[in-house]
Amino acid sequence: MSSLTTEILGTSDADLSRAADLLKAGQLVSFPTETVYGLGADARNGTAVASVYAAKGRPSFNPLIAHVHSVAAAQQLVQWNDLAERLAAAFWPGPLTLVLPLREDHGVSGLVTAGLQTLAVRVPAHPTALRLLRLVDGPVAAPSANPSGRISPTTAAHVLAGLNGRIAAVVDDGPCGVGVESTIVGLSGPDPMLLRPGGLAAEDIEATLGTSLTDRDAADPLSAPGQLLSHYAPNARVRLNATKAGEGELLLGFGSMDCDLNLSAIGDLAEAAANLFEHLHRLDAIGQPIAVAPIPEHGLGSAINDRLRRAAAPRDDSSAH
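What counts and how
- Residues numbered from 1 in each chain as written.
- Predicted model: local features only at pLDDT ≥ 70, side-chain atom pairs only at ≥ 80, totals over all residues.
- Heavy atoms only, no water.
- Helix = DSSP H or I, 4+ residues; strand = E, 2+ residues; numbered from the N terminus.
- Rg over C-alpha atoms; globule rule 2.2 N^0.38 Å.
- Buried < 20%, exposed > 50% of the residue type's maximum accessible area, 1.4 Å probe, protein only.
- Contact = heavy atoms within 4.5 Å.
- Polar contact = N/O pair within 3.5 Å; in protein donor to acceptor, adjacent residues only side chain to side chain.
- Pairing = 2+ DSSP bridges.
- Axes fitted to C-alpha atoms, helices over the stretch in contact; angles between N-to-C directions.
- Salt bridge = Lys/Arg side-chain N within 4 Å of Asp/Glu carboxyl O.
- Right-handed = clockwise from strand over helix to strand, strands pointing away.

Draft legend 1. Representation of the overall build of the protein chain. Of the regular secondary structure elements, the protein chain holds ten helices and 15 strands. Here the C-alpha radius of gyration of the protein chain, 19 Å, is about what a compact globule of 321 residues would show, namely 20 Å. Projecting the C-alpha coordinates of the protein chain onto the three principal axes gives extents of approximately 55 × 50 × 35 Å. Counting over 321 residues, the protein chain shows a buried share of 55%.

Draft legend 2. Spatial organisation of the environment of Ala48. Examined against the element boundaries, Ala48 turns out to sit in helix H2 (residues 46–56). Residues Ala48 and Ala293 lie 245 residues apart in sequence; the distance between their C-alpha atoms is 40 Å. With residues up to four places along the chain from it excluded, the contact list for Ala48 reads Gly26, Leu28, Ala41 and Asp42.

Draft legend 3. Highlighting the side chain of Thr113. Tracing the backbone through its elements, the reader meets Thr113 in helix H5 (residues 110–113). From its side chain, Thr113 meets the backbone oxygen of Gly110 in a polar contact 3.2 Å long.

Draft legend 4. Molecular detail of the sheet that holds strand S11 (residues 214–215). The eleven strands lie next to each other as S1-S8-S2-S3-S7-S4-S6-S5-S9-S10-S11, forming an open sheet whose pairing is mixed. Bordering the open sheet on either side are strand S1 (7–9) and S11, each of which pairs with just one other strand. As judged from the two bridges shared by strand S3 (residues 37–42) and strand S7 (residues 140–141), these two strands associate in the antiparallel manner. Each residue of the ladder has a partner; that of Ala41, found in S7, is Ala141. Relative to S1, helix H1 (residues 13–24) is tilted by about 135°, and along the sheet it contacts S1, strand S2 (29–32), S3, S7 and strand S8 (169–171). In this fold helix H6 (residues 127–136) packs onto S2, strand S4 (65–67), S7 and S8, with an angle of close to 135° to the strand it touches most, S2.

Draft legend 5. Representation of the side chain of Ser182. Mapping Ser182 onto the fold places it in the loop between S8 and strand S9 (183–186). Among residues more than four places away in sequence, those in contact with Ser182 are Thr35, Ile65, Pro95, Leu96, Thr97, Arg122, Arg196, Pro197, Gly198, Gly199 and Arg307.

Draft legend 6. Fine view of the environment of Ser264. Here Ser264 is to be found in the loop between strand S14 (261–262) and helix H9 (269–284). Relative accessible area serves as the criterion here: at 1%, Ser264 is assigned to the buried category. Residues in contact with Ser264, not counting those within four places in the same chain, are Gly253, Phe254, Gly255, Glu271 and Ala272. Here the side chain of Ser264 touches Asp268 through a polar contact of 2.8 Å, landing on its backbone nitrogen.

Draft legend 7. Up close: the pattern of salt bridges. Within the structure shown, the criterion is met by eight salt bridges. A salt bridge links Arg18 to Glu7, with the shortest nitrogen-to-oxygen separation between them at 2.6 Å. Of this pair, Arg18 sits in helix H1 while Glu7 sits in strand S1, and the two are eleven residues apart along the sequence. Taking the relative accessible area as the measure of exposure, Arg18 reaches 36% and is therefore partly exposed. One salt bridge in this structure joins Arg131 and Asp13, with 2.8 Å as the shortest N-O distance.

Draft legend 8. Molecular detail of the pairing of strand S10 (residues 193–196). Where S9 meets S10, three bridges bridge the pair, whose relative direction is antiparallel. Of the residues in S10, the one forming a bridge with Val185 is Leu194. Both S10 and S11 contribute to a ladder of two bridges, which runs parallel. Each bridged residue has a counterpart across the sheet, and for Met193 the counterpart in S11 is Thr214. Once you follow S10 into helix H8 (residues 202–209) and on to S11, the crossover reads as right-handed.

Remember that the coordinates give geometry; whether it matters functionally is a separate question.
Right, dumping it as structure tokens:
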């Protein structure tokens, strides 16, 4: 891609209008959500969406999430159903993405769905994101604003570190509160399916539905973002479930322990999720292998462990990222 001058925008009406105009013109704009910073493109503009893949170096078979400002806007894109209605009423705006069959008149580029007949859609719970989406008044495809496979960005500085000169602008509104991507639930099959754990605990979703979520088989074709085996990865190698650092390693801790950085010294999973990518960025900048303490496998711990397993997965750097 040719180098751009990446504008740094704030949250004033004038700056958000500028961001919306850039998106409508087919440019890429990063903006904050409650989960991570997204890299936005007009989801109806195939050329703009293609430039997202190019900027990120993202495999074209990995679908994108369409961000909209309301339930009504989502209903214009997908075939709504009773389960979607219940989940949206309980958790939207919020860190929940629903995958539903496309409407015939959806107007979304096939690059957003990676050629599938379903669309991942959500209403983010971030005031700035919602203001921007209302100004655009259309779906904005927005994966995390980082080079594909690398650590997701939770500040504008993270975005610029990876994509400065490759995108038109970034809207800076401070750090993200949730810190891990949205939970993705598939509603296009016979049973609701957990496609990716994330910032909303699966237990809360199951309580609202009154039924268990089925699990995706890792051998199934990609149907939602964040399902690549190696993903969210630092440059350094990552070792999981470590009680202490090995020789030459940095230790990312959890709970009361001696370590280089601690996700949450008091063992709070929400704090750990919010700190996850920021701490990985900080340790990765040192350039040594990273050992990570065990994280409980419940609530937001499931999402944290999912990201960590992908960060630690064996990778072929010539193709996975």
